[in-house]
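Next come the chains, spelled out residue by residue.
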Amino acid sequence: MSLIKLLFLIAIIGHILCGVCDCLLTYVPGGKFGADQMSDNEKLKATFSKMPLKNPLLSMLLGVLAMLMFSVGYYGIYLWLKEYSVTLAVIVLISSAVFIIPGVAHHVFCGAAEWFYIRMGMTEDARQTIIKFFKDTSSTMIVCYLGMAVFAVTLFIAVVTGKTDLPRWACIFNTGVLYIPLFPLRISGTGNWVAVVMFLGLLVLV
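Bear in mind the structure is a predicted one, so any value in this text is a computation, not a measurement.

Definitions and limits used
Residues numbered from 1 in each chain as written. Predicted model: local features only at pLDDT ≥ 70, side-chain atom pairs only at ≥ 80, totals over all residues. Heavy atoms only, no water. Phe/Tyr/Trp six-rings, centres within 6.5 Å; stacked < 30°, edge-to-face > 60°. Helix = DSSP H or I, 4+ residues; strand = E, 2+ residues; numbered from the N terminus. Buried < 20%, exposed > 50% of the residue type's maximum accessible area, 1.4 Å probe, protein only.

J.: I keep staring at the packing of aromatic side chains and nothing clicks. Help me out?
T.: Centre-to-centre distance and the angle between the planes together describe a pair of aromatic rings. Within the structure shown, the criterion is met by 13 aromatic pairs. With a centroid separation of 5.4 Å and 80 degrees between ring planes, the pair formed by Tyr 74 and Phe 99 is classed as edge-to-face. One end of the pair, Tyr 74, is in helix H3 (residues 54-81); the other, Phe 99, is in helix H4 (residues 86-119), and 25 residues separate them in sequence. Phe 99 matches Tyr 74 in its accessibility class, with the two residues each being buried. Taken together, a centroid distance of 5.0 Å and an interplanar angle of 85 degrees make the contact between Trp 115 and Phe 116 edge-to-face. The exposure class assigned to Phe 116 is partly exposed, which follows from its relative accessible area of 45%. Aromatic ring contacts, followed pair by pair, group Phe 8, Phe 70, Tyr 74, Phe 99, Phe 151 and Phe 199 into a single cluster.

Written out as structure tokens, the structure is:
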């Protein structure tokens, strides 16, 4: 197995683990957590009333490990792509860093918000506190998704324009292309599940 394929394989494992961590924060014993519940403390409390404190802690700790693991896969894409276009490869490398570094912080913030809400007794004051926390740290989420979008568009252009040796139809193995039809379903960890498919496709085709 080549180095690039090994990096892709590690990324697949990392994204699966990160997807599980996302599910730990979303699918809780009291039901599925959704952003719409943030405006009503009774609904929020009902959802998190049976949530073990270990769930957000595990999600934060394992999520950081998972993101370190899948980061090598994006470096693998850079190594592969630079053989065809140094410019596009550098854009992929930079956008991946812009997506992953703030993404680590955003993932930890999400887990921390749930942990503090539960630890503070799930009161209205606790709800107001985590809302303020989310607003104050929203820049990490914005920058993360911006970097992800630039990465997806760059990789799509590289493949669909024939700059690589992949067939043009292989442009479907792209987080952006795969994410769009799944977005309305609101599946937890969608970004990770589509990334798994992307790296599986690249693992086979590259």
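Structure shown, so let's carry the discussion forward.
J.: What is the right way to look at unusual backbone geometry in this model?
T.: A negative phi angle characterises most non-glycine residues, just as the trans form characterises most peptide bonds. Phi is positive for Met 122, which is not a glycine, with a value near 55 degrees. By secondary structure assignment, the location of Met 122 is in the loop between H4 and helix H5 (124-136). Since its relative accessible area comes to 12%, Met 122 is described here as buried.

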